[in-house]
Amino acid sequence: MSATSRGHGATLAEKILARAGGKDSVVPGEIIEGRVDLAMMHEQGAQTVQPFHEMGATRVWDPDRVVIAIDHWVPASTEGAAVLHRILRKFADEVHLPHFYDVGNHGICHQILAENGWVVPGDLAVGTDSHTNMLGAMGAVAAGIGPTEMAAVLALGRLWLKVPTTVRINVRGKLGPGVTAKDLVLRALGEVKTTGATYKAVEWTGPTIERLSMPERLTICNMTTEMGAKCGMVAPDSKTRDYLSGIAKHSMHPMYADPDAQYERTVEIDVDGMPPMVACPYSPDNVRPLPDVAREHVRIDQAFLGSCTNARIEDLREGAAVLKGRRVHAGVRFIVSPASTAIYRQCLSEGLVDLYTEAGAVFTNSSCSACFGGNMGIIAPDEVCASSSNRNFPGRMGPKEGRIYLMSPAATVAAAIRGEIADPREYA
Amino acid sequence: MREIIEGRVWTLGRDVDTDQIISGKYLTIIDPNILKTKVLEIGLPEFASQSKPGDILVADANFGSGSSREHAPQALRAAGVGAIVADSFARIFFRNSINLGIPTIEAPGVRAIFDRFDVARIEVRRGTITNVRTGASVSFPPLPQHLIDLLEAGGLVEKVRRELADRPSSQDPVSP
Ligand code: SF4
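The structure displayed is predicted, hence computed values, not measured ones. (Residues numbered from 1 in each chain as written. Chains lettered and ligands numbered in written order. Predicted model: local features only at pLDDT ≥ 70, side-chain atom pairs only at ≥ 80, totals over all residues. Heavy atoms only, no water.)

A.B. asks: Account for helix α7 (residues 156-166) of chain B, with residues named and values stated.
C.D. replies: An α-helical turn contains 3.6 residues, so any two residues separated by three or four positions project in the same direction. Those residues of α7(B) that fall on the buried side of the exposure criterion are Leu156(B), Val157(B), Val160(B) and Leu164(B). Projected onto a plane normal to the axis of α7(B), the buried residues spread over an arc of 95° and lie on a single side. Facing away from the buried side of α7(B) by more than 90 degrees, the exposed set consists of Ala165(B) and Asp166(B). Looking at the buried positions of α7(B), the neighbouring elements they touch are α2 (46-54) and α5 (147-156) of chain A together with α5 (91-99) and α6 (145-153) of chain B. (Buried < 20%, exposed > 50% of the residue type's maximum accessible area, 1.4 Å probe, protein only. Helix = DSSP H or I, 4+ residues; strand = E, 2+ residues; numbered from the N terminus. Arc of directions from axis to C-beta. Contact = heavy atoms within 4.5 Å.)

Dropping the structure here:
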């Protein structure tokens, strides 16, 4: 494709934002008014209602492009949560928002968007949650925004965006047995760091990324949030089309970076020979090779297999393959929380609920669960949790002293069995 | 938005994320006046009880990282902070804070020139922040006009309200 008038080609983010802004091309730093293809709210959307009314708005720009999916406290575990849900249900009735994934049909908001085809290639999607980045796996710009901003989106169908520069993460090599997309994104976080892509777009490229399945791409785009990125994406291909075939909610308009696109920088990663990785307290970029940490015999009190990062059916199968026939270590609480009701039902039909619970795990309904320290699975101040989630900041699972180690589903299960951080390859 | 903002300074370190500003256990609270009593409970516990309206937060890099929770800047606004200044901000926090009408200023190097309870003087249009006690100052690139307009309107709610009021036709009931 020919270069634009800027003298060089455009990145994937620039292509998508140019379309959203109704322009032929855009340059980083430019502020556009982006037309939104999909807006998503979870419980934080309850804080959208008041500013929406204060703005004098009375109707939503396009109710078929708004999804509400409650997930943090499902079913409501406190009176406060019940009130948030109530506010959202009333609002959805009042302004006629039909796409409400309520208790019984629920799941983590990002998973709901993915498995129901709400975000398609070329889209600009926004959600009231920071991990909205995950949907960039569809070849879209998907970004988190706050509830007041969401009120403006609901009223106008657009928002201001500064066109970001793009950091490319180019990955080659083959992931070895027991080494997963989660290990790859942790490794990348170790290099890019939690501020390395602040305000920027992350574009994953290279032969390893092309080989990744859609669930794996969702995992690596999910944690671009931890790099500070506005969005993280993978260019669409036949896997994207296959995944969305029959479920896409609106028409696709796939975009691709130009070969001569200008990246702010390119981070090269070769995964040949890479071991499983782990992010140690208290930052997702405090990443070390898992075997090194395992040698230090880090005891755990809780293991959590869940969250939008890693609680898809593929993740729960990966964990099951490690667990098969073994038991959860005495003294470890092992919490398994599938990312959606559809995945929950799939686990039932595949016998995974039996497998996990027979081994001594607690298999919960689908929600954010222990991921964020506000609902269930909270740890005591001197406790340690091995987790397949995405954040291990102070206070993330409750008390600020609590220590969380982030790892793959396989490694989370290995830790649950051993009672300390363990190399999942020893349980192959 | 005032042209010159002056206030007593509270200093904070690097990577003060939103969990440290408003802990996950308070996310079902949406009344800003209750939230302000929990603000910075993990990051700076004495702030909630001892801060005064008009106080200025001066943080190191990556202030407000983590979740998209607007509870964090909501609570800070309710506590009456006059401005939030940092070496750098996380993206969503910056947007939320500006959208709520809080002067939010990125000024690399600013944390190093302040100690707790110094007085900061911010000249918004000139793009300088001065420590009134020591005379040290740093400059910052002025905010883009788009964001100045937003702050001048008093935040996003007011800006959109004016826009909708100017275009009454956009609020006609939609046919089903
Ligand atoms: S699972 Fe965790 S990271 Fe994902 S949306 Fe829920 S709380 Fe946020």
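Text resumes after the structure shown.
A.B. asks: Break down the sheet that holds strand β1 (residues 4-12) of chain B for me, citing the residues and quoting the values.
C.D. replies: All names here are of chain B. With mixed pairing, 7 strands are arranged side by side in an open sheet as β4-β3-β2-β1-β5-β6-β7. At either end of the open sheet lies a strand with only one pairing partner, and these are β4 (104-106) and β7 (137-139). Between one strand axis and the next, the sheet turns by 25° as a mean value, whatever way the strands run. By the bridge criterion, 3 bridges tie strand β6 (residues 128-131) to β7 in an arrangement that is antiparallel. For Thr 130, the partnering residue across the bridge sits in β7 and is Ser 137. (Pairing = 2+ DSSP bridges. Axes fitted to C-alpha atoms, helices over the stretch in contact; angles between N-to-C directions.)

A.B. asks: Tell me about the interface of chain B and chain A, and name the residues and values.
C.D. replies: With 43 residues of chain B at the contact, the number on the chain A side is 50 residues. Summed over the three residues of chain B that lose the most area to chain A, namely Thr28(B), Arg91(B) and Arg95(B), the buried surface amounts to 19% of that side. Where chain B touches chain A, the interface holds 3 salt bridges. The salt bridge involving Arg396(A) is made with Asp19(B); its shortest N-O contact spans 3.8 Å. Connecting chain B to chain A are 12 residue pairs in polar contact (both at pLDDT 80 or more). Breaking the side of chain B that touches chain A down by element, the ones donating at least two residues are α1 (18-21), α4 (71-78), α5, α6 and α7 of chain B. Counted by class, the side of chain B that touches chain A contains 16 nonpolar, 14 polar and 13 charged residues. (Buried area = accessible area lost by both parts, 1.4 Å probe. Salt bridge = Lys/Arg side-chain N within 4 Å of Asp/Glu carboxyl O. Polar contact = N/O pair within 3.5 Å; in protein donor to acceptor, adjacent residues only side chain to side chain. Nonpolar A, V, L, I, M, F, W, Y, C, P; charged D, E, K, R; others polar.)

A.B. asks: Break down the nonpolar core for me, with residues and values.
C.D. replies: In this structure, Trp204(A), Tyr356(A), Phe63(B) and Leu76(B) are the most contacted members of the largest nonpolar core, which totals 195 residues. A domain-level breakdown of this core finds at least three residues from each of domain 1 (12-246 + 261-268) and domain 2 (277-423) of chain A. In this structure, Leu76(B) is in contact with Ile21(B), Val39(B), Leu40(B), Phe47(B), Leu57(B), Phe63(B), Val81(B), Ile84(B) and Phe93(B), ignoring residues within four places of it in sequence. Ranked by size, the runner-up nonpolar core spans 17 residues in total, among them Ile5(B), Ala107(B), Phe114(B) and Phe140(B). (Core = buried A, V, L, I, M, F, W, Y, C linked by side-chain atoms within 4.5 Å. Domains from an automatic or database assignment.)

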